[in-house]
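Descriptive analysis of the structure
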Amino acid sequence: MGKEESEFVRELKHKSRRCSIKEGIFNSGKTAFGDYYLSPFAIAINSSNFMVALLGSISGLLGPISQIFSSRLLEKYSRKKIVMQSVFLESLIWLPIIFVAFLYYKGIIVNSLPYVFLFFYSIYVILMNISAPPWFSWIGDVVDADYRGRWFSKRQIITSFISGTLAVVAAFFLEYAKGSDFAMIGFIVLFAFAFIFRLMSWKTFQKQYEPKIKLKKGYYFSFWEFITHCPKTNFGKFTIYRTLFSFATAISSPLVAVYLLRNLGFGYMTYILISLAEGLFAL
């Protein structure tokens, strides 16, 4: 009976891995039509350079704080439940963002829209990051350790290729809309697709199997404990290196979109090709 149950669980994990790749494909559509064009959208609604830079700062600040909070939720709630609720709410945030684009198109409270967009973007970042720790823990139990690296590489290649291809298609469409003086309509269409793709991603999570989580005794340590032990472990030293590296890149990265689109006057196609170059060479 135990062996049959083990085979049954292995089959559930196999189906979940296949569903996870499908989910990643749908999420790639959300990234391609939505995430890649949030900074260009902020510029299009006449956000100041400071406001555009805040978008990157919010991602770097609220994102990790949300993940710390989310990791503690694992003690009380199912990982699948946390992921599904946060992803569903994340998808809904695209609706007020679409409404911001509609208001700008109609010329309503134009001067206040950058602040409204910043508010909803902040909520979007929080919800997107809440699902990250539970998802990594969940999928880590679904994928066997022997080929975990190979499977994640496969998933990353597939999703990155699809998101890159769709992002280029979106850039063509946005360039056409801009040339016809309908740039805001273009953003509305793209963000509507992002909303739909994220909902499809949420539906796919429903079909995935969640193994029972096993929390080891004494697994938790505070942030301050981690900081004090950083110089004493290899992982701690690596964390310090990544922190300094991120600090250096974060000085300029929030303003790359401003520099390319506003200062250099590049079109959306050139912008997205430059943005995708990093991911292409990483693959």
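What comes next is a walk through the structure. (Residues numbered from 1 in each chain as written. Predicted model: local features only at pLDDT ≥ 70, side-chain atom pairs only at ≥ 80, totals over all residues. Heavy atoms only, no water.)

Notes on the overall build of the protein chain
Going by this rule: The way it works is that DSSP assigns letters per residue, a run of H or I at least four long becomes a helix, a run of E at least two long becomes a strand, and they are numbered from the N terminus. Partly exposed residues are those whose accessible area sits between 20% and 50% of the maximum for their type, while under 20% is buried and over 50% is exposed, using a 1.4 Å probe and protein chains only. Surface accessibility follows the Shrake-Rupley procedure with a 1.4 Å probe radius. Residue values consider only the protein chains on display as shielding. Neither His nor the chain ends is counted toward charge; the positive residues are Lys and Arg and the negative residues Asp and Glu. To locate a charge, the coordinates of NZ of Lys, CZ of Arg, CG of Asp or CD of Glu are taken.
For the protein chain, the helix and strand inventory stands at twelve helices and zero strands. Dimensions of the protein chain, computed from the C-alpha atoms along their principal axes, are close to 65 × 45 × 35 Å. With 283 residues in all, the protein chain has 39% of them scored as buried. Accessible area for the protein chain stands at about 16,300 Å²; split by element, carbon and sulfur atoms hold 66% of it. Placing the 30 positive and 16 negative side-chain charges of the protein chain at their respective mean positions leaves the two points 2 Å apart.

Examining the side chain of Arg 155
Selection rule: In this description, contact between two residues means that some pair of their heavy atoms is separated by no more than 4.5 Å.
Relative to the assigned elements, Arg 155 resides in helix H7 (residues 148-179). Ignoring sequence-local partners within four residues, the contact set of Arg 155 consists of Ser 20, Ile 21, Glu 23, Gly 24 and Trp 135.

A look at the pattern of salt bridges
Using the following cut-off: Counted as salt bridges are all cases of a side-chain nitrogen of Lys or Arg within 4 Å of a carboxyl oxygen of Asp or Glu.
Enumeration according to the criterion identifies seven salt bridges in this entry. Between Arg 79 and Glu 210 there is a salt bridge, and its shortest N-O distance comes to 3.5 Å. Remark: Glu 210 occurs in the loop between helix H8 (183-205) and helix H9 (223-229) and Arg 79 occurs in helix H4 (residues 79-106); sequence separation between them is 131 residues. Glu 90 is paired through a salt bridge with Arg 198; the nearest N and O atoms lie 3.1 Å apart. You can see Glu 90 sitting in helix H4 and its partner Arg 198 sitting in helix H8, a full 108 residues away along the chain. Each member of the pair, Glu 90 as well as Arg 198, carries the same accessibility label: buried. Among the charged side chains, a network of salt bridges with common partners joins Glu 23, Lys 30, Asp 35, Glu 90, Arg 155 and Arg 198.

Focus: the nonpolar core
Spelled out, the test is: As used in this record, nonpolar core signifies buried Ala, Val, Leu, Ile, Met, Phe, Trp, Tyr and Cys residues forming a set joined through side-chain atoms within 4.5 Å.
Of all hydrophobic cores here, the largest spans 48 residues; its most connected members are Tyr 37, Phe 41, Phe 117 and Phe 191. Among residues more than four places away in sequence, those in contact with Phe 41 are Ile 97, Val 100, Ala 101, Phe 117, Met 184, Phe 187 and Phe 191. Residues Ile 21, Trp 138, Val 142 and Val 143 belong to the second largest nonpolar core, which totals twelve residues.

With respect to the packing of H7 against H8
Using the following cut-off: Think of each axis as a best-fit line through the C-alpha atoms, taken over the contacting stretch in the case of a helix, with angles from 0 to 180 degrees between the N-to-C directions. Here the word oblique covers every angle except those under 35 degrees (roughly parallel), over 145 (roughly antiparallel) and from 65 to 115 (roughly perpendicular). Crossings are assigned a handedness: left-handed for a near helix turned anticlockwise from the far helix by less than a right angle, right-handed for a clockwise turn. For this classification, Asp, Glu, Lys and Arg are treated as charged, while Ala, Val, Leu, Ile, Met, Phe, Trp, Tyr, Cys and Pro are nonpolar and the rest, including Gly, are polar.
Where H7 contacts H8, the two axes come as close as 7 Å, and the packing angle between them is 150°. Taken together, H7 and H8 sit at an angle that is classed as roughly antiparallel. Note on packing geometry: the crossing formed by H7 with H8 is right-handed. Here Ala 170, Phe 173, Leu 174, Ala 177 and Lys 178 of H7 come into contact with H8, specifically with Ala 183, Gly 186, Phe 187, Val 189 and Leu 190. Residue composition of the contact of H7 with H8, grouped by class: eight nonpolar, one polar and one charged.

Things to note about a nonpolar patch on the surface
Note the following rule: Without a salt bridge and with relative accessible area above 30%, a residue can belong to a patch; like charges are then joined within 9 Å and nonpolar side chains (Val, Leu, Ile, Met, Phe, Trp, Tyr) within 5 Å.
Taken together, the side chains of Phe 235, Phe 238, Tyr 241 and Phe 245 make up a nonpolar region of the molecular surface, amounting to roughly 460 Å² of accessible area. Along the polypeptide, Phe 245 turns up in helix H10 (residues 234-250). The exposure class assigned to Phe 245 is partly exposed, which follows from its relative accessible area of 41%.

A look at the packing of aromatic side chains
For clarity, the cut-off: Any two of the Phe, Tyr and Trp rings considered here, Trp counted by its six-membered ring, make a pair once their centres fall within 6.5 Å; the pair's planes then place it as stacked at under 30 degrees, edge-to-face at over 60, or tilted in between. Note on criteria: charge over ring means Lys NZ or Arg CZ within 6 Å of the ring centre, with the direction from the centre no more than 35 degrees off the ring normal.
Within the structure shown, the criterion is met by 20 aromatic pairs. Plain terms: the ring middles of Phe 41 and Phe 187 are 5.3 Å apart, the flat faces sit at 65° to each other, and that makes the pair edge-to-face. Taken together, the residues Phe 41 in helix H2 (residues 38-44) and Phe 187 in helix H8 connect sequence positions 146 residues apart. Given the relative accessible area of 0%, Phe 41 is considered buried. In this structure Phe 187 comes out as buried when scored by relative accessible area, which is 0%. With a centroid separation of 5.4 Å and 40° between ring planes, the pair formed by Trp 94 and Phe 191 is classed as tilted. On the criterion of sequence distance, the pair formed by Trp 94 in helix H4 and Phe 191 in helix H8 is long-range, its members being 97 residues apart. The pair Trp 94 / Phe 191 is uniform in exposure class, with both members buried. Here the aromatic residues Phe 41, Trp 94, Phe 117, Tyr 121, Tyr 124, Phe 187, Phe 191 and Tyr 268 are joined through ring pairs into a cluster of three or more. Above the ring of Tyr 268, the side-chain terminus of Lys 178 is found at 5.1 Å from the ring centroid.

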